[in-house]
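A closer look at the structure
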Amino acid sequence: MSILVTGGAGFIGSNFVLDWFAQSQETVINLDNLTYAGNLANLSGLKDNPGHVFIRGDIGDVALIASLLEKYRPRAILNFAAESHVDRSIHGPEDFIQTNIVGTFHLLEATRAYWSALTEVEKAAFRFLHVSTDEVYGSLEKDAPAFNEEHRYEPNSPYSASKAASDHLVRAYHHTYGLPVLTTNCSNNYGPYHFPEKLIPLIIHNALSGRALPIYGDGQQIRDWLYVKDHCSAIRRVLEDGRLGETYNVGGWNEKANLEVVHTLCDILDELQPRSDGQLYKTQITYVKDRPGHDRRYAIDASKLERELGWKPAETFETGIRKTVQWYLDHHDWVASVTSGNYRNWVEQQYT
Ligand code: NAD
Ligand code: TYD
């Protein structure tokens, strides 16, 4: 038995693959084309594990996908592969359209061809799980209830619009062709192997390197934070017992304003690795120009997942964020390896 994971060298995908092998012997075919966000160092702990088969390739390459499906005959496909950073989607949407929409379409086509040729028993057992985001629902007013699965799609950035389009394609393949799909829409993740272009790892990295801590606009935008390993456990539960064609919102009821998150990170760093000059890290906070079209608030209502599948997050924001800061303090080499080269060009383009 095996599963095919796409995007398994990225932040969430690599955490998922590592967690998978912590609980299972089942082979993982890991397909990732190693964009700037994909990093094989995330998976170095699996280099002696014959159950982990890494293949460099694109989800849009139908011939490659078809040959992998034929060779490994997975019982499930989990689609993590995507362009995932909102700011990059504002600077250049094209890659987002290509991977998130066209790539998902090609992956669905290859999957449909494979699935159609399975025996009835294999067909019934097969799953295509699409990993998506709460950003497809758009922005919430301050006191509005959290997003549930019935909330209307109102994506506001090229990133969220491309994810919304991919969700619709996945849904259509279920309704039209009967493909056994599942979709998860998760809130903002944080934890190990998070690329330091996103808020939490960027702030930790900049704080420790004596750089400015950039806050977009007034810093009062709200995100709903979930420790990445809790997202992984939710995906495993949905894969096991999710109802076909359903979507499940995933979140940990941890709404925080950005400024509060940054203050928390500064406080933990002051405690675990104080600045050598005795100053507090928060003196590095700098307000910068707001993101165009910046969504004000996201919040996830995960009660369907809790009620139907008994899932609950293991970490609170307080425990998860402390683990995360400690992980970055313990993994200077990883941070150094991902913040060279292209990363510098991105930071220059975005923040100067
Ligand atoms: P990431 O950018 O860290 O990783 C994406 C991975 O996909 C990288 O390894 C990259 O090399 C690979 N990839 C990109 N294009 C590809 C292609 N065409 N073919 C094959 N591989 C390709 O992203 P992430 O944060 O790990 O997000 C994973 C998934 O989870 C995405 O679908 C994202 O939309 C979704 N998601 C992310 C968050 C979050 O907070 N990060 C929250 C909810 C949902
Ligand atoms: P990010 O981590 O990019 O995730 P997303 O945009 O998908 O929610 O950003 C989280 C929040 O932090 C978002 O409101 C934008 C804000 N932000 C900053 O204030 N400064 C930064 O340098 C970055 C990268 C993000």
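The structure contained in this document is the topic of the report that follows. If you're wondering where the values come from, they're calculated on a predicted model, not measured in any experiment.

Counting its secondary structure elements, the protein chain contains 13 helices and twelve strands. Expected size for 352 residues packed as a compact globule is a radius of gyration near 20 Å; at 20 Å, the protein chain falls within 12% of this value. On the principal axes, the C-alpha backbone points of the protein chain span a range of 65 × 45 × 40 Å. Here the protein chain holds 352 residues, and the buried ones make up 54% of them. The long-range fraction of contacts in the protein chain, counting pairs at least 24 apart against all pairs at least 6 apart in sequence, stands at 81%.

On to the packing of aromatic side chains, then. Considering all chains together, one arrives at 18 aromatic pairs under this definition. Arranged with centres 5.5 Å apart and planes meeting at 85 degrees, the rings of Tyr-137 and Tyr-153 form a pair that is edge-to-face. Here Tyr-153 lies in the loop between strand 5 (127–133) and helix 6 (158–177) and Tyr-137 lies in the loop between strand 5 and helix 6, a separation of 16 residues in the sequence. With relative accessibility at 1%, the residue Tyr-137 sits in the buried group. By the ring-pair criterion, three or more aromatic residues cluster together here, those being Tyr-190, Trp-225, Tyr-227 and Phe-317. Above the ring of Tyr-36, the side-chain terminus of Arg-88 is found at 3.6 Å from the ring centroid. Lying across the ring of Tyr-177, Arg-112 places its NZ or CZ 3.9 Å from the centre.

Moving on to empty space enclosed by the protein. What the rule picks out here adds up to two cavities of 30 Å³ or more. Of the pockets and cavities examined, the second largest cavity occupies roughly 50 Å³. Taken together, Val-86, Glu-135, Asn-156, Ser-157, Arg-291, Pro-292, Gly-293, Asp-295 and Tyr-298 form the lining of the second largest cavity. Taken together, the residues that form the lining of the second largest cavity break down as three nonpolar, three polar and three charged.

Attention now goes to the pattern of salt bridges. For the coordinates displayed, the defined rule picks out 21 salt bridges. Ionic pairing is found between Glu-260 and Lys-256, a salt bridge with its closest N-O pair at 3.8 Å. The salt bridge partner of Arg-275 is Asp-277, with a shortest N-O separation of 2.6 Å. Exposure remark for Asp-277: the relative accessible area of 47% places this residue in the partly exposed category.

Glancing now at the pairing of strand 4 (residues 76–79). Burial along strand 4 is two-sided: the face carrying Ala-76 and Leu-78 and the face carrying Ile-77 and Asn-79 are both buried. Note that strand 4 and strand 5 share four bridges and pair parallel. The residue bridging Ile-77 from the neighbouring strand is Phe-128, located in strand 5.

Taken together, 18 residues form the shell around ligand 2, and within it Glu-135, Arg-223, Arg-291, His-294 and Tyr-351 come nearest. Within the contact set of ligand 2, an oxygen atom lies 2.9 Å away from a backbone nitrogen or oxygen of Tyr-216. At 2.5 Å, a side-chain N or O of Arg-291 approaches an oxygen atom of ligand 2. Of all elements in the fold, only helix 7 (199–208) and strand 8 (213–216) reach the threshold of two or more residues within the shell around ligand 2. Per element, the largest residue contribution to the shell around ligand 2 is three residues, and it comes from strand 8. Residue classes in the shell around ligand 2 are distributed as eight nonpolar, five polar and five charged.

Reading the values: the criteria
Residues numbered from 1 in each chain as written. Chains lettered and ligands numbered in written order. Predicted model: local features only at pLDDT ≥ 70, side-chain atom pairs only at ≥ 80, totals over all residues. Heavy atoms only, no water. Helix = DSSP H or I, 4+ residues; strand = E, 2+ residues; numbered from the N terminus. Rg over C-alpha atoms; globule rule 2.2 N^0.38 Å. Buried < 20%, exposed > 50% of the residue type's maximum accessible area, 1.4 Å probe, protein only. Contact = heavy atoms within 4.5 Å. Phe/Tyr/Trp six-rings, centres within 6.5 Å; stacked < 30°, edge-to-face > 60°. Lys NZ or Arg CZ within 6 Å of the ring centre and 35° of its normal. 1 Å grid on protein atoms, 1.4 Å probe; cavity = no way out; pocket = protein on both sides within 12 Å on 5 of 7 lines; lining within 4 Å. Points joined across faces, edges and corners; volume = space filled by probe spheres on them. Nonpolar A, V, L, I, M, F, W, Y, C, P; charged D, E, K, R; others polar. Salt bridge = Lys/Arg side-chain N within 4 Å of Asp/Glu carboxyl O. Pairing = 2+ DSSP bridges. Near = heavy atom within 4 Å. Polar contact = N/O pair within 3.5 Å; in protein donor to acceptor, adjacent residues only side chain to side chain.

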